[in-house]
Amino acid sequence: NEAISVRNLNYAYPDGTLALKDIEIHVKKGEKIGILGPNGAGKTTLFMHLNGVIKNPDGEVNIFNQDISSLKTEERIHRVGVVFQDPDDQLFMPTIFDDVAFGPINMGLNKEEVQKRVSSALKTVGLSGFEERVPHNLSYGQKKRAAIAAVLSMEPDILILDEPTANLDPRSKAELIKLVNRLNSEGITTIIASHEVNTLPELVDRIYIINREIIAEGTPREIFSNW
Ligand code: ADP
Ligand code: ADP
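Worth saying up front: this structure is predicted, and the values here are computed from it rather than measured. (Residues numbered from 1 in each chain as written. Chains lettered and ligands numbered in written order. Predicted model: local features only at pLDDT ≥ 70, side-chain atom pairs only at ≥ 80, totals over all residues. Heavy atoms only, no water.)

## Remarks on the packing of helix α3 (residues 96–106) against helix α4 (residues 111–124)
Put simply, the rule is: Fitted lines through C-alpha atoms give the axes, limited to the stretch in contact for helices. The angle between two N-to-C directions lies from 0 to 180 degrees. Each helix is a run of DSSP H or I of at least 4 residues and each strand a run of E of at least 2, with the numbering of both proceeding from the N terminus. What sets the label is the angle itself: under 35 degrees gives roughly parallel, over 145 gives roughly antiparallel, 65 to 115 gives roughly perpendicular, and the rest give oblique. Crossings are assigned a handedness: left-handed for a near helix turned anticlockwise from the far helix by less than a right angle, right-handed for a clockwise turn. For this analysis, residues touch if any pair of their heavy atoms sits within 4.5 Å.
Remark: α3 packs on α4, axes separated minimally by 9 Å, with the N-to-C direction vectors making an angle of 120°. Compared by their axis directions, α3 and α4 come out oblique. Where α3 crosses over α4, the handedness of that crossing is right-handed. In this structure, α3 contributes I96, F97, V100, A101, P104 and I105 to the contact, and α4 contributes V114, Q115, R117, V118, A121 and L122.

## Looking at the site of ligand 2
Quick note on the threshold: To be near a molecule or strand, a residue needs just one of its heavy atoms within 4 Å of it. Between N or O atoms, a polar contact is any pair within 3.5 Å; within protein, one atom must be a potential hydrogen donor and the other a potential acceptor, and residues adjacent in sequence are included only when both atoms are from side chains. Computed by Shrake-Rupley with a 1.4 Å probe, the accessible areas treat only the displayed protein chains as cover when residues are assessed. Each residue gets one label: Ala, Val, Leu, Ile, Met, Phe, Trp, Tyr, Cys and Pro are nonpolar, Asp, Glu, Lys and Arg are charged, and the others, such as Gly, are polar.
Residues in close proximity to ligand 2 include Q85, D86, Y140 and N167, which together make up its full environment. Contacts to ligand 2 include Q85, whose side-chain N or O atom sits 3.3 Å from an oxygen atom. Measuring from an oxygen atom of ligand 2, one finds a side-chain N or O atom of Y140 at 3.3 Å. For ligand 2, the protein covers 44% of the area, taking 560 Å² as the surface of the free molecule. Of the residues assigned to the shell around ligand 2, the class counts are 1 nonpolar, 2 polar and 1 charged.

## A closer look at the packing of α3 against helix α5 (residues 140–152)
Across the interface, α3 lies against α5 with an axial gap of 7 Å and an inter-helix angle of 35°. For the pair α3 and α5, the contacting residues are I96, D99 and V100 in the first and A146, A149 and A150 in the second. Class assignment of the residues belonging to the contact of α3 with α5 gives a composition of 5 nonpolar, no polar and 1 charged.

## Comments concerning the packing of aromatic side chains
Here is the rule: Aromatic pairing here means that ring centres of Phe, Tyr or Trp (its six-membered ring) are within 6.5 Å. Orientation follows from the plane angle: under 30 degrees is stacked, over 60 is edge-to-face, and everything else is tilted. The buried label goes to any residue with under 20% of its type's maximum accessible area, the exposed label to any with over 50%, and the partly exposed label to all in between, with areas taken from a 1.4 Å probe on protein chains only.
Across all of its chains, the model carries 2 aromatic pairs by this definition. Between Y11 and Y13, the ring centres sit 5.0 Å apart and the planes meet at 85°, which makes this aromatic pair edge-to-face. With relative accessibility at 30%, the residue Y13 sits in the partly exposed group. Taken together, a centroid distance of 5.2 Å and an interplanar angle of 85° make the contact between F92 and F102 edge-to-face. Of this pair, F92 sits in the loop between β6 (80–83) and α3 while F102 sits in helix α3, placing them 10 residues apart in sequence.

## Notes on the site of ligand 1
Near ligand 1 there are 13 residues, and of these G40, K43, T44, T45 and R212 occur at the shortest range. One nitrogen or oxygen atom from the main chain of A41 is found 3.1 Å from an oxygen atom belonging to ligand 1. T45 places a polar side-chain atom, nitrogen or oxygen, 2.5 Å from an oxygen atom of ligand 1. Contact with the protein chains hides 65% of the accessible area of ligand 1, taken as 560 Å² for the molecule alone. At 3 residues, the largest contribution of residues to the shell around ligand 1 is made by helix α1 (residues 43–50). Across the shell around ligand 1, the residue classes tally to 4 nonpolar, 6 polar and 3 charged.

## Description of the pattern of salt bridges
Going by this rule: Here, a salt bridge means any Lys or Arg side-chain nitrogen found within 4 Å of an Asp or Glu carboxyl oxygen.
According to the stated counting rule, one finds 12 salt bridges in the structure shown. Between R7 and E60 there is a salt bridge whose closest N-O contact spans 3.1 Å. Of this pair, R7 sits in strand β1 (residues 2–12) while E60 sits in strand β4 (residues 58–63), and the two are 53 residues apart along the sequence. You can call E60 partly exposed: its relative accessible area is 26%. For K21, the salt bridge goes to E213, with nearest N and O atoms at 3.7 Å. Here E213 lies in strand β10 (residues 213–218) and K21 lies in strand β2 (residues 18–28), a separation of 192 residues in the sequence. Residue K21 is classed as partly exposed on the basis of its relative accessible area of 39%. Residue E213 is classed as partly exposed on the basis of its relative accessible area, which comes to 37%. Salt bridges sharing common partners tie together E113, K116, R117 and E155.

In structure tokens:
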């Protein structure tokens, strides 16, 4: 029941910047994990390994006991969905419908199934009826939720959220946390990345502290009792 197994993972960018050093991470199915680390700690680089965007990893990256590199694109995007920090990176189509339908269409689903996936994902994030809206014109909190819908429409087993509550007002923040908790309780394995030491511990069951390498691992209580 291991959802994610990463071992001996290293990565340097072409210019020589070392982003990941000997990373080891294990996540069980259904867990809610936090990845805590400052800007530049390698969180985004790690996620690009977990969703297979960075191919032929220097190290082991297994998703449900399968080497991520061996999966076909349709399978990969169904296994792991990443919601990046800036929703403008994820919403690039003329309408919300097109953005949320993009994944299911790429998975080769038929029109009817695509329609169903879009309605269901928008309902889940509280944006029913937003199909014909222009992404650019939504509020920041609505964009965040639309970006999540665009990932949920692929019905991922693992949902990774990069700084999901950054730049949100307290109410939108609370709503977003409720949404993520509900998705996790419905069985989606969840990873939340953040640099907010004050927020993350109360949101997750277990934390990895990362700064290019793993600095610490444990429950929030274990990690922070000595601080
Ligand atoms: P985080 O998501 O935790 O902020 P990143 O994974 O984005 O961290 O970055 C890890 C390190 O790699 C940082 O030092 C960053 O500056 C560097 N980096 C990120 N993208 C590139 C790139 N395209 N080329 C060179 N270095 C990069
Ligand atoms: P960080 O805390 O990581 O430095 P930034 O302040 O750079 O984050 O913001 C991350 C992204 O969110 C940026 O692309 C920025 O344009 C966007 N952003 C921040 N606040 C708002 C806002 N109120 N409305 C729309 N976009 C915002």
